[in-house]
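The primary structure of each chain is shown beneath.
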Amino acid sequence: MSEHTGGERESLAPVTPLFPRRGQGAPRPGPDPSAWHPTWTGIDRDDEDEHDDLEDGVVLAERMLLRRLRTRSLSIREAEAALYADGLSDAEIAGVIRSFRAQGYLDDHALAEQLIDKAVSRKAQGRQAIAQTLAQRGIPRDVADAAISALPDDEFERALEFARSRAQGMRDLDRDTALRRLAGQLARRGFGGSALTVARLALDESTPRARGVRFD
């Protein structure tokens, strides 16, 4: 998965015989053929151990990131922050992010759509609250604006539906108190622009009309 494992294979250095061929006399004392010798690959053993340690660090960070993604979708910015906390360098982070994006593990456009669907269908939120949520999750501004602009133009109806569900429980309150509370609830859910108008309408609908007094 990591880009550190890719690339061309290193060419091996010419092998210098350490022992004479059979028939050329007894072998001279020399290194154990099973032991490491720097001339075999041209790489010092300590350097290779350090490279392996770095490689293991990247692989471990990738596994930790996958584990996080199994429980919660992450934006690219959130994934970068997690990899930075795991001790990866900027270059290593860029490589992991590029790999994860190519495999579809990270997609800010898809995440923005998921967050918006949840905000509309489950949280009864308006555009202002949705925009704030996307910003907090690290969704780029242009991606967030494009996703929000795709919403249907039904914010007033959604705000009114929410206000009607809350107005029923405010019948025992005086008009001013009920209006203030309901408008505040609408504003906190991102319906600030029409909160007061919607609150008045919902309270009017929930208040029983006074019947006229009949005199015989």
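Up top is the structure.
Residues numbered from 1 in each chain as written. Predicted model: local features only at pLDDT ≥ 70, side-chain atom pairs only at ≥ 80, totals over all residues. Heavy atoms only, no water.

Asker: What's the story with the overall build of the protein chain in this structure? I'm lost.
Answerer: Scanning the protein chain from terminus to terminus reveals 9 helices and 0 strands. Scanning the protein chain from its N terminus toward the C terminus, one meets helices and strands in the order α-α-α-α-α-α-α-α-α. Taken over 216 residues, the protein chain has a buried fraction of 31%. Expressed as a percentage of contacts within the protein chain between residues at least 6 apart in sequence, the contacts between residues at least 24 apart total 61%. Only carbon and sulfur atoms are counted for the fraction: they give 49% of the accessible area of the protein chain, which is about 15,300 Å². (Helix = DSSP H or I, 4+ residues; strand = E, 2+ residues; numbered from the N terminus. Buried < 20%, exposed > 50% of the residue type's maximum accessible area, 1.4 Å probe, protein only. Contact = heavy atoms within 4.5 Å. Areas by Shrake-Rupley, 256 points an atom, 1.4 Å probe, with all protein chains shown as cover.)

Asker: Help me understand the side chain of Glu 155 in this model?
Answerer: Tracing the sequence through the fold places Glu 155 in helix 7 (residues 155–167). Beyond its immediate stretch of four places on either side in the chain, Glu 155 contacts Gly 126, Arg 127, Gly 190 and Phe 191.

Asker: When you look at the environment of Met 64 in this model, what are you seeing that I'm missing?
Answerer: Note that Met 64 resides in helix 1 (residues 45–71). A residue is classified by how much of its surface remains accessible, and Met 64, at 29% relative accessible area, is partly exposed.

Asker: What's the story with the environment of Arg 137 in this structure? I'm lost.
Answerer: Tracing the sequence through the fold places Arg 137 in the loop between helix 5 (127–136) and helix 6 (141–149). Along the primary structure Arg 137 and Leu 74 are separated by 63 residues, whereas in three dimensions their C-alpha atoms are 7.9 Å apart. If near-sequence neighbours (up to four positions away) are discounted, Arg 137 is found in contact with Arg 72, Ser 73, Leu 74, Ser 75, Glu 78, Leu 111 and Leu 115. Side-chain polar atoms of Arg 137 contact the backbone oxygen of Ser 73, separated by 2.6 Å. (Polar contact = N/O pair within 3.5 Å; in protein donor to acceptor, adjacent residues only side chain to side chain.)

Asker: Would you mind going over the nonpolar core with me for this structure?
Answerer: A general tendency of soluble globular proteins is for nonpolar side chains to be buried together. Counting 17 residues, the largest nonpolar core has Ala 163, Leu 182, Leu 186, Val 198, Ala 199, Ala 202 and Leu 203 as its most contacted members. Each residue touching Leu 203, except ones within four places of it in the same chain, is listed here: Ala 167, Arg 175, Ala 178, Leu 179 and Leu 182. Core analysis: the next-biggest nonpolar cluster, separate from the first, contains 15 residues, Ala 61, Leu 65, Leu 88 and Val 96 among them. (Core = buried A, V, L, I, M, F, W, Y, C linked by side-chain atoms within 4.5 Å.)

Asker: Help me understand the side chain of Ser 206 in this model?
Answerer: Structurally, the position occupied by Ser 206 is in helix 9 (residues 195–206). For Ser 206, a relative accessible area of 4% corresponds to the buried category. From its side chain, Ser 206 meets the backbone oxygen of Leu 203 in a polar contact 3.0 Å long. In contact with Ser 206, other than residues within four places in its own chain, are Ala 167, Gln 168 and Arg 171.

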